[in-house]
Amino acid sequence: MPARHVSRVRSLYKRILQLHRALPPDLKALGDQYVKDEFRRHKTVGSGEAQRFLQEWEAYAAVLWQQATDSRQSSTGKACFGTSLPEDKLNDFRDEQIGQLQELMQEATKPNRQFSITESTKPNVIQES
């Protein structure tokens, strides 16, 4: 794989994880894990699929950047993330991708999310006398 391609992939990966910092904690955890899994899963694909993969993730990053910017500028203080998936794109998905999409939707819309994010605290150090 050419060094330029590897650099482009790494840069995009880091940018997406940075953009996820704008998401609510439970969505950030879900999104980070999904991105890590997808990038790992696509490490060995052919050049055509790699190009499509990068184009889609670059589009995702652009949309997320815009939504994060809009959220910061919003006077309501309410963040709005996500977008509808056009039917023509959905029709291009393979069965495996439809299954992944359904799992992601179920996880993202659970009333009690799988992830429990809490602020980290320093452990209490007990000193012996």
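Residues numbered from 1 in each chain as written. Predicted model: local features only at pLDDT ≥ 70, side-chain atom pairs only at ≥ 80, totals over all residues. Heavy atoms only, no water.

Enquirer: I tried to follow helix α3 (residues 47-73) on my own but got confused; where do I start?
Expert: Note: α-helices contain 3.6 residues per turn, so residues at a spacing of three or four share the same orientation. Compared with the 39 Å implied by 1.5 Å per residue over 27 residues, the 39 Å span of α3 between its first and last C-alpha is a close match. Of the surrounding secondary structure, the elements contacted by the buried residues of α3 are α1 (3-19) and α2 (25-41). (Helix = DSSP H or I, 4+ residues; strand = E, 2+ residues; numbered from the N terminus. Expected span 1.5 Å × (residues − 1). Contact = heavy atoms within 4.5 Å.)

Enquirer: Explanation requested: the pattern of salt bridges in the structure shown.
Expert: When their charged atoms lie close together, side chains carrying opposite charge are able to pair. Overall, the coordinates contain 6 salt bridges when judged by the stated rule. Its salt-bridge partner being Arg-41, residue Glu-38 comes within 2.0 Å of it at the nearest N-O pair. Here the residue Glu-38 and the residue Arg-41 both occupy positions in helix α2, the gap between them amounting to 3 residues, near one helical turn. A salt bridge links Glu-56 to Lys-89; its shortest N-O distance comes to 2.9 Å. Within this pair, whereas Glu-56 is found in helix α3, its partner Lys-89 is found in helix α4 (residues 87-91), the two being separated by 33 residues in sequence. (Salt bridge = Lys/Arg side-chain N within 4 Å of Asp/Glu carboxyl O.)

Enquirer: How should I be thinking about the nonpolar core in this particular structure?
Expert: Within the largest apolar cluster, 12 residues are counted, these being Leu-12, Ile-16, Leu-17, Leu-19, Leu-23, Val-35, Phe-39, Phe-53, Leu-54, Trp-57, Ala-61 and Leu-64. Of all the secondary structure elements, the ones that give two or more residues to this core are α1, α2 and α3. For this core, the element with the highest residue contribution is α3, accounting for 5 residues. (Core = buried A, V, L, I, M, F, W, Y, C linked by side-chain atoms within 4.5 Å. Buried < 20%, exposed > 50% of the residue type's maximum accessible area, 1.4 Å probe, protein only.)

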